[in-house]
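Take a look at the letters that make up each chain.
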Amino acid sequence: MIEQGQSQEAGTPGRLVVISGPSGVGKSTMAATLREYEENVWVSVSATTRAPRAGETDGESYFFLSRDQFAVQAQAGEFLEYAEFAGNMYGTPRAAVAERLAQGVNVVLEIDLAGARQVRAAMPEAVLVFIAPPSWDELQARLIGRGTESEEVIERRLAVARTELAAEAEFDATIVNDEVGAAVKRLLSLVESP
Ligand code: ADP
Ligand code: 5GP
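Residues numbered from 1 in each chain as written. Chains lettered and ligands numbered in written order. Predicted model: local features only at pLDDT ≥ 70, side-chain atom pairs only at ≥ 80, totals over all residues. Heavy atoms only, no water.

## As for the nonpolar core
Then, in step 1: The biggest cluster of nonpolar side chains holds 23 residues, and the ones touching the most others in it are V17, L34, V108, V129, I131, I175 and L187.
Then, in step 2: Among the elements of the structure, β1 (16-20), α1 (27-35), β2 (41-43), β8 (127-132), β9 (173-176) and α7 (180-192) are those that each provide at least two residues to this core.
Then, in step 3: Leaving out residues up to four positions away in the same chain, V129 has contacts with V17, V18, I19, S20, F171, A173, I175, L187 and L190.
Then, in step 4: Among the nonpolar cores identified, the runner-up in size contains 20 residues, and W42, A116, M123 and A126 belong to it. (Core = buried A, V, L, I, M, F, W, Y, C linked by side-chain atoms within 4.5 Å. Buried < 20%, exposed > 50% of the residue type's maximum accessible area, 1.4 Å probe, protein only. Helix = DSSP H or I, 4+ residues; strand = E, 2+ residues; numbered from the N terminus. Contact = heavy atoms within 4.5 Å.)

## Quick look at the site of ligand 2
Then, in step 1: Ligand 2 sits among 16 residues. The nearest are S46, R50, Y62, Y90 and E110.
Then, in step 2: With respect to ligand 2, the side chain of R50 contributes an N or O atom lying 2.6 Å from an oxygen atom.
Then, in step 3: Interatomic distance of 2.8 Å between a side-chain N/O atom of E81 and a nitrogen atom of ligand 2.
Then, in step 4: Against a free-state accessible area of 510 Å², the protein chains account for coverage of 98% of ligand 2.
Then, in step 5: Among the secondary structure elements, those contributing two or more residues to the shell around ligand 2 are β5 (79-85) and β6 (88-93).
Then, in step 6: Along the lines of polarity and charge, the residues of the shell around ligand 2 split into 5 nonpolar, 4 polar and 7 charged. (Near = heavy atom within 4 Å. Polar contact = N/O pair within 3.5 Å; in protein donor to acceptor, adjacent residues only side chain to side chain. Areas by Shrake-Rupley, 256 points an atom, 1.4 Å probe, with all protein chains shown as cover. Nonpolar A, V, L, I, M, F, W, Y, C, P; charged D, E, K, R; others polar.)

Next up, the structure:
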């Protein structure tokens, strides 16, 4: 049986797939669902300086770092890409991704628009997938309904969301996250044959 994140075809490098989209659209929910699938796919764990939310575990949801720790790692070139989002730093640990790809495992990065653009520039073969909400009202409702941010932070994230929605055309494909299971299945089919 193929375990999650295990190589199916040794010798063939894995495919790098980036998912991006506005805050609250459901990217983390999709990533968590994808992690439960026993497929030849591994979802990268990012580093961040933001505080953990209730239920988030260090090393699983994110690697939670101080600003200083993040800066040291960024300076040492340990991130494949990194960006500031709504006042916090986020970055993709380079070594873990390179290792999986070399083993033939497909890798999914869940990152913001600035990060997606950096990946596009550094690795043009990566497949960029835009995760879109069914509507603006639904996006707002999800962000508010998550109940993890203050009103001020929600406003900030919604302002950034307008810019992100305008960048959809830069992506290779769009998936509307109407129902999580269906959206993840569409993502998996892109991971396997873009
Ligand atoms: P993101 O990672 O894009 O910021 P989250 O995954 O945290 O978004 O999702 C934001 C909120 O929307 C969460 O409360 C989550 O449970 C909910 N959610 C995610 N996907 C769906 C969906 N397809 N339908 C309804 N609610 C969803
Ligand atoms: P959140 O704080 O809601 O978990 O994430 C905020 C934003 O940061 C989301 O758009 C998410 O995709 C993005 N993000 C998460 N990890 C990374 C990363 O490693 N790099 C970049 N550039 N963005 C990330």
